[in-house]
There are 2 protein chains.
Amino acid sequence: MNDAFKALSDPTRRKILQLLKEKDLSAGDIADQFDISKPSISHHLNILKQARLVQDERQGQNIIYSINLTVMQEAMGWFLGMIGTKGD
Amino acid sequence: MNDAFKALSDPTRRKILQLLKEKDLSAGDIADQFDISKPSISHHLNILKQARLVQDERQGQNIIYSINLTVMQEAMGWFLGMIGTKGD
DNA sequence: TTAATATTTAGCTTATCATCTAAATATAAG
DNA sequence: CTTATATTTAGATGATAAGCTAAATATTAA
């Protein structure tokens, strides 16, 4: 949970998640969307993976990343608990 | 929005928000809940304040902090947009 | 005005993090 | 088996951030 919040604190990683929300993408296709080196994007993807916000699967030469909404829902649960009637 | 996500990435700050969800507290009362120096807590409070996740108001010698749920709801909106049907 | 209490500001240190280049690994194709 | 493509790993660097102590500010009370 803490890993998820930390992962979400970076704008590049949030944008990656938004891209993956639309459709699964290879690491290279993701990197193409940013003015950041591929190794740096790979690093971001690894952080997202450790937080279990994304999953990856090799398909031939490519590694395809997809979003994992389960952890996202857990994080949203935190917000829901927070927004519940004040003082509960 | 980015400030909010960054502020939420620290577990101490998330715990502060949970305390303030229960009731408004002075800076000192908040600091008493942690094994962290008062100046450090003050620093965390300032980050929460800049992200507009909390508000403060002086009451005599004390400064009372309260939670601002508006920004929290905005952050939750981000999650909702994320969790909507994949590919929309 | 002086002393006590509450909180913040300043300055420093250490750790974490985002980024880069270069090199390594893995798969596919000639 | 050699080359090309895709991605990651390694190692380094500069920036950001969390923590501390000491000092400053603000309010209250004597």
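Structure: above.
Summary of the structure given here. (Residues numbered from 1 in each chain as written. Chains lettered and ligands numbered in written order. Predicted model: local features only at pLDDT ≥ 70, side-chain atom pairs only at ≥ 80, totals over all residues. Heavy atoms only, no water.)

### Quick notes on the sheet that holds strand β1 (residues 25-26) of chain B
Then comes step 1: Spatially, three strands are ordered β1-β3-β2 (chain B) in an open sheet, and the strand pairing comes out antiparallel. One side of each edge strand has no neighbouring strand; the edge strands of this open sheet are β1 and β2 (54-59) of chain B. (Pairing = 2+ DSSP bridges. Helix = DSSP H or I, 4+ residues; strand = E, 2+ residues; numbered from the N terminus.)

### A closer look at the relation of the copies chain B and chain A
Then comes step 1: Of the transformation superimposing chain B on chain A, the axial component is 0.0 Å and the angular component is 180 degrees, with the fit at an RMSD of 0.0 Å. Both copies are brought into coincidence by an operation consistent with a two-fold rotation axis. No C-alpha of chain B lies nearer the rotation axis than that of Ser9(B), which sits 2.9 Å from it.
Then comes step 2: Of the interface residues in chain B, 100% have counterparts in chain A that sit at the interface too, so the contact is made through matching surfaces. (Least-squares fit on C-alpha atoms with pLDDT ≥ 70 in both. Contact = heavy atoms within 4.5 Å.)

### A word on the packing of helix α2 (residues 11-22) of chain B against helix α4 (residues 38-50) of chain B
Residue and element names in this part refer to chain B.
Then comes step 1: One can describe the packing of α2 onto α4 by two numbers: an axis separation of 10 Å at closest approach and a directional angle of 75 degrees. Compared by their axis directions, α2 and α4 come out roughly perpendicular. Residues Thr-12, Arg-13, Ile-16 and Leu-17 of α2 touch α4, and the partners they reach there are Ile-41, His-44, Leu-45, Ile-47 and Leu-48.
Then comes step 2: Among the residues forming the contact of α2 with α4, the class breakdown is six nonpolar, two polar and one charged. (Axes fitted to C-alpha atoms, helices over the stretch in contact; angles between N-to-C directions. Parallel < 35°, antiparallel > 145°, perpendicular 65-115°, else oblique. Nonpolar A, V, L, I, M, F, W, Y, C, P; charged D, E, K, R; others polar.)

### Considerations on the interface of chain B and chain A
Then comes step 1: At the interface, 31 residues of chain B touch 31 residues of chain A.
Then comes step 2: When chain B packs against chain A, the two sides together hide about 2900 Å² of surface, and 67% of this comes from carbon and sulfur.
Then comes step 3: Our count for the contact surface shared by chain B and chain A stands at zero salt bridges.
Then comes step 4: Where chain B touches chain A, the interface holds eight residue pairs in polar contact (both at pLDDT 80 or more).
Then comes step 5: Broken down by secondary-structure element, the contributors of at least two residues to the side of chain B that touches chain A are α1 (2-8), α2, β3 (62-67) and α5 (69-83) of chain B.
Then comes step 6: Residue contributions to the side of chain B that touches chain A peak at 11 residues, all from α5(B).
Then comes step 7: Residues that form the side of chain B that touches chain A fall into these classes: 15 nonpolar, nine polar and seven charged. (Buried area = accessible area lost by both parts, 1.4 Å probe. Salt bridge = Lys/Arg side-chain N within 4 Å of Asp/Glu carboxyl O. Polar contact = N/O pair within 3.5 Å; in protein donor to acceptor, adjacent residues only side chain to side chain.)

### Quick notes on the nonpolar core
Then comes step 1: Counting 55 residues, the largest nonpolar core has Leu17(A), Leu53(A), Leu17(B) and Leu53(B) as its most contacted members.
Then comes step 2: With eight residues, α5(B) is the single largest residue contributor to this core.
Then comes step 3: Setting aside anything within four residues of it in sequence, one finds Leu53(A) in contact with Ala4(A), Ala7(A), Leu8(A), Leu17(A), Leu48(A), Ser66(A), Ile67(A), Asn68(A), Val71(A) and Met72(A). (Core = buried A, V, L, I, M, F, W, Y, C linked by side-chain atoms within 4.5 Å. Buried < 20%, exposed > 50% of the residue type's maximum accessible area, 1.4 Å probe, protein only.)

### Quick notes on the sheet that holds strand β1 (residues 25-26) of chain A
All names here are of chain A.
Then comes step 1: Pairing is antiparallel across the open sheet formed by three strands, whose spatial order is β1-β3-β2. The open sheet has two edge strands, β1 and β2 (54-59), and neither has a second partner.
Then comes step 2: Bridge analysis of β1 against strand β3 (residues 62-67) gives two bridges, and the strand direction is antiparallel. If you follow Ser-26 over to β3, its bridge partner there is Ile-64.
Then comes step 3: Contacts from helix α2 (residues 11-22) reach β1, β2 and β3, with the element oriented near 95 degrees to β3.

### Points about the protein's contact with DNA strand D
Then comes step 1: Near DNA strand D there are 23 residues, and of these Gly28(A), Tyr65(A), Arg13(B), Ser37(B) and His44(B) occur at the shortest range.
Then comes step 2: At the protein interface, 75% of the atoms of DNA strand D within 4 Å belong to sugar or phosphate.
Then comes step 3: Interatomic distance of 2.4 Å between a side-chain N/O atom of Tyr65(A) and a phosphate oxygen of DNA strand D.
Then comes step 4: A distance of 3.5 Å is found between a sugar or linking oxygen of DNA strand D and a backbone nitrogen or oxygen belonging to Gly60(B).
Then comes step 5: If you list the elements that add at least two residues to the surface near DNA strand D, you get α3 (27-31), α4 (38-50) and β3 of chain A together with α4 of chain B.
Then comes step 6: Considering each element in turn, the surface near DNA strand D owes the most residues, five residues, to α4(B).
Then comes step 7: In the surface near DNA strand D, the residues fall into seven nonpolar, 11 polar and five charged. (Near = heavy atom within 4 Å.)

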